[in-house]
Amino acid sequence: MDISEEKRKIGEAKKNPQAFGQLYDEFYRPILKYILRRTSDIELAQDLTSQTFFKALKGLKKFRWQNISFSAWLYRIATNEVNDFYRRKNRIIQISLEKLPEIPSQDSADSDLKLAEAELESKKEFKILSQKIRKLSLIYQTVITLRFFEKKKISEISQIVGKSEGTIKSQLHRALETLKKEMEG
Amino acid sequence: MKTEELIKKLENTDLPEIEIQSHKTSLKMALLDSDYFKKTGSFEIFRRYLALTVPALAVLVILGVVVISPKLTEAKALKIARNNPEINRLIEEKKMVLSDVKVKDGKAYILLNSSKTESTTGINVQKNNNASEDMEGAIVEVDLDKKEVSQINSINSEEVAPLNDKEKESAGEIANSEEVVGQIVPKEATIEKIQSSLPKKIRLIERNNVIEVTSETNGEQKAEVHYILDEKKWVVKVNLNERKVEEIEYSSDNNKGRD
């Protein structure tokens, strides 16, 4: 999406629920996948995705183009949610305050969850790698996931994390060195 | 292990690709139902309504006084209509607008229809604050002598864009086979009725000395499939040309008991 198109969409989404709904449809899947790849936990990924979008909605009015795209802004919120969760080291999270309405067809929700669990279970190599990555510091976890799993460019990671490209490059280098030791250990 | 090997391993790892449709739908409903849009909703609609219609009304009045007297009559009729509390309620609650006006025999007929825009992608799931009132449009009759609204008649979509039994049956099939409908509408719910949907672009015309509503969208066929379970209602809007579900409206009462 180019900048002018993105600006138009965000402007509409600030006042029109339908436009926000379209934006949500576009970004729900990438954000859920990113959080799942950070956490390897489907229920936690759902909770943190919910919080990410509630925070995005609350902050939408203040969102301005200041060298950061909307996509990077959303990834930044998601990154903060994941990192905050690990910092708190407990799972009492704010979702209890922003309760989702239950889908009337509970069977469908259960079967969606089972399918997602099966998909995650089938990715054995990812699960092993993910366990090792989660032993690293939060910033290393962030840059590795964004660079190698989300295939983000250094410039995009720099926008998401809010640090210079040079800093990201050196953090990525150190993160790989640390992960290498974890893999060997 | 060399760093290059580790990078290759990271780049080539088979990653989980998930889509949790039930979570996506419930989160979307919660977001659209949140205070953010409630706070902005009525005030923003009122503000936009004022911003758009007051200048338009002023222009109408100026043109009427200076150039054409019938336009003055139309402006007066619009003003009378806007001062009516029921019309104000429809404008605020149902997001309706006064979109066309015709004057005939001392009476003005004003078209009141939905201002909602259509979603271009995906299925739009939204709450209807008053599901029992499924009015999509109305003709407001203004008595110009008495300077009051004399009638508000709901527009019958079946008269403007009728559907035959086969088309209604097809609408029911499309709605029933849509996965998102299955996730939102309980299996126990039954179809209460299937009717045509009022086209988005309509206007008033005079035909055989009578003011009527006509559609401006050629060949577009849309239907509404109304589901019911106890006192809860869902309206699934189907585009018959594209054979897809475009919108699902649910009553706000549906959330009672879940909080």
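Residues numbered from 1 in each chain as written. Chains lettered and ligands numbered in written order. Predicted model: local features only at pLDDT ≥ 70, side-chain atom pairs only at ≥ 80, totals over all residues.

A.B. asks: Hey, could you go over the overall build of chain B for me, with residue numbers and the actual values?
C.D. replies: Along the backbone of chain B there are eight helices and 11 strands. Sorting the 259 residues of chain B into buried and exposed places 29% on the buried side. Partitioning the contacts of chain B with sequence separation of at least 6, the portion at a separation of at least 24 is 62%. (Helix = DSSP H or I, 4+ residues; strand = E, 2+ residues; numbered from the N terminus. Buried ≥ 20, exposed ≤ 12 C-beta atoms within 10 Å, placed from the backbone. Contact = placed C-beta atoms within 7 Å.)

A.B. asks: So what's going on with the interface of chain B and chain A? Which residues, and what values?
C.D. replies: Each partner contributes to the interface: chain B provides 45 residues, whereas chain A provides 45 residues. The set of elements that each furnish at least two residues to the side of chain B that touches chain A consists of α1 (3–12), α2 (21–32), α3 (35–66), β3 (124–128) and α8 (179–184) of chain B.

A.B. asks: Account for the confidence of the model for chain B, with residues named and values stated.
C.D. replies: When pLDDT is averaged along chain B, the result is 79; 78% of the residues meet or exceed 70. No element of chain B has a lower mean pLDDT than α3(B), at 61, and none a higher one than helix α7 (residues 165–177) of chain B, at 93. (pLDDT = per-residue confidence, 0-100.)

A.B. asks: Quick one: what's the story with the sheet that holds strand β5 (residues 148–154) of chain B, residue by residue and with numbers?
C.D. replies: Residues and elements named next belong to chain B. Taken together, four strands build an open sheet; the order of strands is β1-β2-β4-β5 and the sheet is antiparallel. A strand with exactly one partner marks an edge of an open sheet, and here the two such strands are β1 (96–104) and β5. Pairs of neighbouring strands in the sheet enclose a mean axial angle of 25°, with direction left out of account. Pairing between β1 and strand β2 (residues 107–114): eight bridges, direction antiparallel. Across the sheet, the residue bridging to Val97 is Asn113, located in β2. Docked against the sheet, helix α5 (residues 85–93) engages β1, β2, β4 (137–143) and β5, running at close to 140° with respect to β1. (Pairing = 2+ DSSP bridges. Axes fitted to C-alpha atoms, helices over the stretch in contact; angles between N-to-C directions.)

A.B. asks: Pulling in residues and values, what's your account of the nonpolar core?
C.D. replies: Ile31(A), Leu32(A), Ile35(A), Phe53(A), Leu74(A) and Ala78(A) are the most contacted members of the largest nonpolar core, which totals 42 residues. Residue assignment for this core shows that the elements contributing at least two residues are α2 (17–39), α3 (42–59), α4 (70–88), α6 (124–133), α7 (138–149), α8 (154–161) and α9 (165–184) of chain A together with α2 of chain B. Both of domain 1 (1–122) and domain 2 (123–185) of chain A provide at least three residues apiece to this core. For Leu74(A), the residues in contact, after removing those within four places along its chain, are Phe27(A), Ile31(A), Thr52(A) and Ala56(A). If you look at the next biggest cluster of nonpolar residues, it comprises 24 residues, including Leu78(B), Ala81(B), Ile87(B) and Val149(B). (Core = buried A, V, L, I, M, F, W, Y, C linked by C-beta atoms within 7 Å. Domains from an automatic or database assignment.)

A.B. asks: Got a sec to walk through α7(A)? Specific residues and values, please.
C.D. replies: Taking 1.5 Å per residue as the helical rise, α7(A) with its 12 residues ought to reach 16 Å, and the 16 Å between its terminal C-alpha atoms agrees with that figure. Of all the 12 residues making up α7(A), nine are buried; the element is thus mostly covered by neighbouring parts of the structure. All buried positions along α7(A) are accounted for by Gln141(A), Thr142(A), Val143(A), Ile144(A), Thr145(A), Leu146(A), Arg147(A), Phe148(A) and Phe149(A). Next to the buried residues of α7(A) lie α2, α4, α6, α8 and α9 of chain A together with α1 of chain B. Phi turns positive one or two residues past the end of α7(A), at Lys151(A), with a value near 55°. (Expected span 1.5 Å × (residues − 1).)

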